[in-house]
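Below are the chains, spelled out letter by letter.
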Amino acid sequence: MGGLGVRWTLHGDGKTPAPGAVVRPDERLTWPRTFGLGAQHVVAMFGASFVAPVLMGLDPNLAIMMSGVATAIFLLATRGQVPSYLGCSLSFVGVAATIRASGGSSAVVTGAVLVVGAVLFLAGLAVQRFGARIIHAAMPPVVTGAVVMLIGFNLAPVTASTYWPQDQWTALLVMLFTGLAVVCLRGFFSRIAIFLGLVFGYVLSWVLDRVFGKIHSPAGGAEAVDHWRLDLSGVSKADWVGLPSFHGPSFEWSAILVALPVVIALIAENAGHVKAVGEMTGRSLDGKLGTAIAADGAASMLSTAVGGPPNTTYSENIGVMAATRVYSTAAYWAAACFALLFGLCPKFGAVVAAIPGGVLGGITVILYGMIGLLGAQIWLNAKVDLRNPLNLVPAAAGIIIGVGGVSLKISDNFELSGIALGTIVVITGYHVLRAFAPAHLKTQEPLLDSGTSEYDKEPPASGA
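As annotated in an unreviewed UniProt entry, the protein carries the name Solute carrier family 23 protein and comes from Streptomyces poriferorum. Per UniProt, the protein carries the Sequence similarities (unreviewed entry) text "Belongs to the nucleobase:cation symporter-2 (NCS2) (TC 2.A.40) family." If you open the UniProt record of the protein and go to Subcellular location (unreviewed entry), you find "Membrane".

Dropping the structure here:
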């Protein structure tokens, strides 16, 4: 059992880390404290894991349940050496919106994302076999950053046309509250700012309904109608205990092509997370990068196969570890168990599904922008020189195509647009231009994103 990473030694007296000490992944505190930390990890991932399935049109109960399953798979695959929680990935929200806008069902969404999970799994195996160079030689930081940016900013019309108009004043107040929570709160509370924003918006919508009555605005459709901001009718009808709704995937090439670019974002995300956890725990986890990517892909395949959303490692939970100095994987096993229990409560899912559109408008203004600006962070960390036209031209073209929804009609039944076309332009444009560019523009760039640079180091010469 120890080989699976499910055996832990007690840290000190089991109550709290000694000054300057940390609780390592193979250690734990007392079981009551461990389960308390597990509950804290669940709360930390609530915000994004609430919002993501709702924005994708999927069952939030199933999303929470499968996040617990995905976390268990990840911990077993990495032998308990990489403490991480896997929750619903926000990187696919734009993909889901695009697929649904073209008439795709939930089955088509999960089918496209299942293929992405399979590609991510194979990418992880490739990294295990050949090292990270095979991935990052094809996708240097200028490419990775541009793709992450266009994925995030492609979501802007969803907020502007779908959520914000449902209740603009609630959206504005939720945006301001969430922004203040992110910036002004400290420690654990800053890590759950999205969750706090949702709670604030929930309460605010209830108060406005009591004070001003129904609002006249669009509610899930194009026409404005009178409706309650917060409709809890589904909560009273939901059972306390029951299984979430499952469905099988359906595969369509047009949807798959829209979803595939997200692989790039997930690889970059996993690389950064593994490095961050390694630095915090004081252990080099670079050798686990391929395993982590493959485990992420396998977990997403399993989740989408039954109708759930894809999963990825959560930075919110890394923040909880940094604040508590407890890196015990026992706490993550506890969190996975709590998530499974929440998934078996339909009433909990009904509460999540009742989040008002105006609240989502305020949350997504910040959330979608943060996703897009992660691409800029990749450029900054890797010191990408955008004064170099070899970097500037493909990134600029791809981002405008992805954000503006530019389309390229191939035939009467097939066209490329938005995220898919923008990603193709960035990747192929960069490598084609590099092949023809003069030598002075081909300045050496790191082959790896910031956080995994150890892969790019040459071994010392013999006798040195």
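From this point on, the discussion continues.
Q: Explain the overall build of the protein to me, please; I cannot follow it from the model alone.
A: Assigned secondary structure in the protein consists of 20 helices and 8 strands. When burial is assessed residue by residue, the protein has 53% of its 464 residues classed as buried. When contacts within the protein are restricted to residue pairs at least 6 apart in sequence, those whose partners lie at least 24 apart make up 78%. Surface summary for the protein: the accessible area is close to 19800 Å², and the carbon and sulfur share equals 66%.

Q: Teacher, can you tell me more about helix α20 (residues 418-436) here?
A: Over its 19 residues, α20 extends 27 Å from the first C-alpha to the last, a length consistent with the 27 Å expected when each residue adds 1.5 Å. Buried residues of α20: G418, I419, A420, L421, G422, T423, V426, G429 and Y430, and no others.

Q: Please clarify how the packing of helix α19 (residues 389-404) against α20 should be interpreted in this entry.
A: What describes two packed helices is the angle between their axes and the distance between those same axes. In contact at an axis separation of 7 Å, α19 and α20 are set at 165° when each is read in the N-to-C sense. Compared by their axis directions, α19 and α20 come out roughly antiparallel. Of the two elements, α19 crosses α20, and the hand of that crossing is right-handed. On the side of α19, the interface is formed by L390, N391, V393, P394, A395, A397, G398, I401 and G402, while α20 contributes G418, I419, L421, G422, V425, V426, G429, Y430, L433 and R434. Within the contact of α19 with α20, the residues separate by chemical class into 12 nonpolar, 6 polar and 1 charged.

Q: For this particular structure, what's the right way to read the pattern of salt bridges?
A: It is possible for side chains bearing opposite charge to pair when their charged atoms get close. Under the counting rule described, the total for this entry stands at 5 salt bridges. With a shortest N-O distance of 3.0 Å, D209 and R229 are connected by a salt bridge. You can see D209 sitting in helix α10 (residues 193-212) and its partner R229 sitting in the loop between β5 (224-227) and α11 (233-237), a full 20 residues away along the chain. The class for D209 is buried, based on a relative accessible area of 3%. By sharing partners, the salt bridges in this structure join R24, D26 and E27 into a single network.

Q: What exactly am I supposed to notice about the nonpolar core here?
A: Ranked by size, the top nonpolar core spans 105 residues in total, and within it M56, I267, I363, Y368 and W379 carry the most contacts. Residue contributions to this core peak at 10 residues, all from helix α13 (residues 262-281). If we skip the residues at most four places from it in the chain, I363 touches V51, V174, T178, I194, G197 and L198. Within the second largest apolar cluster, 5 residues are counted, among which are V23, L29, L37 and V326.

Q: Can you walk me through a nonpolar patch on the surface in this structure?
A: A cluster of nonpolar residues, V199, V203, W206, V207, V211 and F212, forms a patch on the protein surface that exposes about 570 Å² of accessible area. With respect to the helices and strands, W206 occurs in helix α10. Assessed through its relative accessible area of 44%, W206 is described here as partly exposed.

Q: Looking at this model, I keep getting lost on unusual backbone geometry. Mind explaining?
A: A negative phi holds for most residues other than glycine; trans holds for most peptide bonds. In this model, R79 sits at a positive phi of 55°, which is unusual for a non-glycine residue. Structurally, the position occupied by R79 is in the loop between α2 (60-77) and β3 (86-88). Judged by relative accessible area, R79 falls into the partly exposed class, the value being 41%. Positive phi values are uncommon outside glycine, yet K383 reaches one of about 55°. Note that K383 resides in the loop between α18 (357-382) and α19.

Q: Can you help me understand the packing of helix α8 (residues 168-184) against α10 in this one?
A: Direction vectors running N to C along α8 and α10 enclose 150°, while the axes themselves pass 9 Å from each other. Compared by their axis directions, α8 and α10 come out roughly antiparallel. Note that α8 runs across α10; the crossing there is right-handed. Mapping the contact onto sequence places T170, L173, V174, F177, T178, A181 and V182 in α8 and A193, I194, L196, G197, F200, G201, L204, S205 and L208 in α10.

Cut-off values and rules
- Note on numbering: residues in each chain are counted from 1, in written sequence order.
- Owing to the predicted nature of the model, reporting of local features is limited to residues with pLDDT of at least 70; listing and counting of side-chain atom pairs is limited to 80 or more, with chain, interface and lining totals taken over all residues.
- Neither water nor hydrogens contribute to the side-chain values; these are computed over all heavy atoms in the structure.
- UniProt positions are given in the numbering used here, feature names are shortened, and annotations may be inferred rather than shown by experiment.
- A run of H or I in DSSP counts as a helix once it spans at least four residues, and a run of E counts as a strand once it spans at least two, with each numbered from the N terminus.
- Per-residue accessibility, obtained with a 1.4 Å probe over protein chains only, is compared with the maximum for each type, and a residue is labelled buried under 20%, exposed over 50%, and partly exposed between these values.
- Between two residues, a contact is recorded if the distance between any of their heavy atoms is within 4.5 Å.
- For the area figures, the Shrake-Rupley method with a 1.4 Å probe applies, and any residue is considered shielded solely by the protein chains shown.
- Take the number of residues in a helix, subtract one, and multiply by 1.5 Å to get its expected span.
- A fitted line through C-alpha atoms serves as each axis, taken over the contacting stretch for helices, and the angle formed by two N-to-C directions is quoted from 0 to 180°.
- Roughly parallel means an angle under 35 degrees; roughly antiparallel means over 145; roughly perpendicular covers 65 to 115; every other angle is labelled oblique.
- Less than a right angle of anticlockwise turn of the near helix away from the far helix marks a crossing as left-handed, whereas a clockwise turn marks it as right-handed.
- Any residue that is not Ala, Val, Leu, Ile, Met, Phe, Trp, Tyr, Cys, Pro, Asp, Glu, Lys or Arg is counted as polar, Gly included; the first ten are nonpolar and the last four charged.
- Just to be clear on terms, a salt bridge is a Lys or Arg side-chain nitrogen sitting within 4 Å of an Asp or Glu carboxyl oxygen.
- We define a nonpolar core as any set of buried Ala, Val, Leu, Ile, Met, Phe, Trp, Tyr and Cys residues linked to one another through side-chain atoms lying within 4.5 Å.
- Exposure above 30% relative accessible area and the absence of a salt bridge qualify a residue for a patch, where like charges join within 9 Å and nonpolar side chains (Val, Leu, Ile, Met, Phe, Trp, Tyr) within 5 Å.

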